[in-house]
Every structure is written in structure tokens, then in C-alpha cells.
Amino acid sequence: MARFTSSTFGKISGKHGTAVAAVRKDGLCILKVYRVASNPNTVGQKSQRGKFGFVMKELNCMRKLFTETYGGQYGINKAVSQAMKTCVTGEFPDFKLHYNLLVLSGGNVDLPQKITADSLPHNRMIINWDSTLFSQSHSDDVINIVFLNHSIRHMAFHQCVAARNQGSFETTLPRLNTTDKIHGWAYFSLANNRENSKSIYLGEF
């Protein structure tokens, strides 16, 4: 791959003979040899495309969340890429996504030492956490709660609903039927919402 600055051509992109030129975000032009895949329909390539489609379908209902946690409109792409590496088992076309391994956010804000989620009557739930402060936490950090109703692929995103020093938050599960499976996660953010903690899986309810 070559890097170049051309006063004659300026910024160029696309296929040029046996080479492909492109312009990176930093303005640098790169040039590399164009290679056609020998066989785009191998078992491995079909499986990879199938896995991507499967994960995208599973997580697409959480697109709004990933816009917040992974930095903009392309956050879903980062979430899908990460999930493909860490959360999916099985072979094409029988994939399975393990929601307990799915990470919804990342960052340096501290998670509490302990956080629990307990069911209450009338489809209510209470989340409790240890409000002890550590080096990367503040009393005014806010908690974010995410529920996913897998049966109907509906996400409930409770953003910045309580401060760390409050220690608890009560809400209603997004359940339409008693057989619906609800997955839950929590993560903390700075009060200005500019940095997050890693998410924690609360369980299946």
C-alpha cells in the first residue's frame, strides 16, 4: 500500500487500473493493489455474512442506545462487530446470541461494587446499588437502565434516571405477556453524559 500527496491529481479515489485509491479521514491518500476475492461464496464467507445478518437483526431495535453509548449514528456497527466476536455461538444458519455476554457501553466511570435487580408485584422492578464512591465515580453520576423484550424486540431505555447517591430506582418492565423474556442491563454515566462505565448484565426476568 502506498501513501501519496499529488499536486497534479489532488485527492483521488476509486479503482485505477490494477490499483485502488482512497482518501482517509485525515486527508491522506492511499493506493493499494486491487484483488478480487477468489470465491466469495465459500462456507466460511457465507457463515460470516450470515452471522452479521443475524446479529444486526437481533440488535437493530437497540440502535438508539448504541448511538448514545458508542458515539453517533454508526454506533450500531461497533456493537454488532463486538457482539459477533464475543456473544454468538453456533454454525450457519443456527446462531445463538448470548445476551448475558452482550456489552452495551464502555468507559472509565466506576460501576458500583454491588448492583441487584429484584421483581416486585404488578410487573414492577427495583434496582439497588452500592453508592460508595471510588476514584472514578462521583455522587452525581447517573444510572441508565436498559430492558429488552426479546419476544417482540422492544427496548426500554431509561436514561439518566437516578443519581449514584440515591442508591435505588424503581420501574416497570416492558412485558406484554407473562411468557415474555426480558433482559436487563445497567451502566453509569458522568452527570454531563460525556463518559460511561462498562455495562453490567442484570439478568433475565
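It should be emphasised that the depicted structure is a prediction, and the values quoted were computed from it without experimental measurement.

Enquirer: Before we go on, may I ask you to explain the packing of helix α1 (residues 43-59) against helix α3 (residues 75-86) in this structure?
Expert: Packing of α1 against α3 brings their axes to within 10 Å, and their N-to-C directions diverge by 125 degrees. In terms of their interaxial angle, α1 and α3 are classed as oblique. Where α1 crosses over α3, the handedness of that crossing is right-handed. The residues of α3 that touch α1, namely those facing Gln48, Lys51, Phe52, Val55, Met56 and Leu59, are Ile76, Asn77, Ala79, Val80, Ala83 and Met84.

Enquirer: What is the right way to read the sheet that holds strand β8 (residues 124-129) from this model?
Expert: Consider a sheet: its strands pair through backbone hydrogen bonds, and that pairing is either parallel or antiparallel. Pairing is antiparallel across the open sheet formed by 3 strands, whose spatial order is β7-β8-β11. What marks the edges here is a single partner per strand, and that holds for β7 (115-120) and β11 (168-172). Taken over all neighbouring pairs, the strand axes of this sheet differ in orientation by 20 degrees on average, direction set aside. Of the pairings in the sheet, the one linking β7 to β8 comprises 6 bridges and is antiparallel in character. If you follow Leu120 over to β8, its bridge partner there is Arg124.

Enquirer: I keep staring at the packing of aromatic side chains and nothing clicks. Help me out?
Expert: Each aromatic ring pair is described using two quantities: the centre-to-centre distance and the angle formed by the ring planes. Under the defined criterion, the tally for this structure stands at 6 aromatic pairs. Geometrically, the ring pair formed by Trp129 and Phe188 is edge-to-face, given 5.8 Å between the ring centres and 80 degrees between the ring planes. Placement of the pair is Trp129 in strand β8 and Phe188 in strand β12 (residues 182-189), with a sequence separation of 59 residues. With respect to burial, Trp129 and Phe188 carry one shared label: buried.

Enquirer: What is the right way to read the sheet that holds β12 from this model?
Expert: Strand order in the open sheet formed by 4 strands is β10-β9-β12-β13, with antiparallel pairing between adjacent strands. On the outer flanks of this sheet lie β10 (154-163) and β13 (200-204), each paired with one strand and no other. Taking the axes of each pair of neighbouring strands and ignoring which way they run, one obtains an average angle of 20 degrees across the sheet. Two strands pair when backbone bridges link them, and strand β9 (residues 142-149) and β12 are joined in this way by 8 bridges, in the antiparallel orientation. Paired with Leu148 across the bridge in β12 is His183.

Enquirer: For this particular structure, what's the right way to read unusual backbone geometry?
Expert: Backbone phi values are negative for most residues with the exception of glycine, while trans is the configuration of most peptide bonds. Phe92 connects to Pro93 through a cis peptide bond whose omega is 5 degrees. Residue Asn123 is not a glycine yet carries a positive backbone phi of 65 degrees. Position of Asn123 among the secondary structure elements: in the loop between β7 and β8. With a relative accessible area of 25%, Asn123 lands in the partly exposed category. Non-glycine residue Asn193 carries a positive phi angle of around 65 degrees. The residue Asn193 is located in the loop between β12 and β13 in this model.

What counts and how
- Residues numbered from 1 in each chain as written.
- Predicted model: local features only at pLDDT ≥ 70, side-chain atom pairs only at ≥ 80, totals over all residues.
- Heavy atoms only, no water.
- Axes fitted to C-alpha atoms, helices over the stretch in contact; angles between N-to-C directions.
- Helix = DSSP H or I, 4+ residues; strand = E, 2+ residues; numbered from the N terminus.
- Parallel < 35°, antiparallel > 145°, perpendicular 65-115°, else oblique.
- Left-handed = near helix turned anticlockwise from the far one by under 90°.
- Contact = heavy atoms within 4.5 Å.
- Pairing = 2+ DSSP bridges.
- Phe/Tyr/Trp six-rings, centres within 6.5 Å; stacked < 30°, edge-to-face > 60°.
- Buried < 20%, exposed > 50% of the residue type's maximum accessible area, 1.4 Å probe, protein only.

Honestly, it's all geometry; don't read function into it.
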